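A structural walkthrough
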Amino acid sequence: MADTDLIKMRLTFPRGKQQPGEIVDVRADEVHRWKGFAVAVDEPKPAAKAPTPPAETPKASK
């Protein structure tokens, strides 16, 4: 991970002017410092593409 990756975390305890329930962006390498103050938010997964049907193989004529 690059150190510019951000993790969304929801506060569980007041921290400065921020109140519990607020979502904050935390650098990936700083997440360990937020333990006890916030929990990681489940990011929505991209919508799964509909599976494409397999291509029909031409049947060999006898």
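Each chain has its residues counted from 1, running along the sequence as written. Restriction of local features to residues with pLDDT of at least 70 applies here, the model being predicted, together with a cutoff of 80 or more for giving and counting side-chain atom pairs; totals for whole chains, interfaces and linings are based on all residues. For side-chain calculations, the full set of non-hydrogen atoms in the structure is used, while hydrogens and water are omitted.

Here we look at the packing of aromatic side chains
- Any Phe, Tyr or Trp ring, taking Trp's six-membered ring, that has another such ring centre within 6.5 Å forms a pair; planes under 30 degrees apart are called stacked, those over 60 apart edge-to-face, and the others tilted. Scanning the model with the defined rule gives one aromatic pair in all.
- An angle of 70 degrees between the planes, with centres 6.0 Å apart, marks the rings of Phe 13 and Phe 37 as edge-to-face. Here Phe 13, found in the loop between β1 (6–11) and β2 (23–27), pairs with Phe 37, found in the loop between β2 and β3 (38–40); they are 24 residues apart in sequence, far enough to count as distant.
- A simple rule labels every residue: compare its accessible area, found with a 1.4 Å probe on the protein chains alone, to the largest value its type can have, and call it buried under 20%, exposed over 50%, or partly exposed in between. Overall, the relative accessible area of 28% leaves Phe 37 in the partly exposed class.
- Seen from the ring of Phe 37, Arg 15 lies directly overhead, with NZ or CZ sitting 5.2 Å from the centre. Labels follow the DSSP assignment, with helices taken as runs of H or I lasting at least four residues and strands as runs of E lasting at least two, numbered in each case from the N terminus. Sitting over a ring, as applied to charges here, requires NZ of Lys or CZ of Arg to be within 6 Å of the ring centre and within 35 degrees of the ring normal.

Concerning the sheet that holds β1
- The three strands are arranged β2-β1-β3 in an open sheet whose pairing can be described as antiparallel. Each having just a single partner strand, β2 and β3 make up the two edges of the open sheet. The sheet shows a mean angle of 45 degrees between the axes of neighbouring strands, direction not considered.
- Strand direction decides the pairing type here: β1 and β2, joined by five bridges, are antiparallel. Opposite Lys 8, over in β2, you have Asp 25 as the bridge partner. Whether two strands pair comes down to DSSP finding at least two bridges between them. All axes here are fitted lines through C-alpha atoms, helices being fitted over the stretch that makes contact, and every angle between N-to-C directions spans 0 to 180 degrees.

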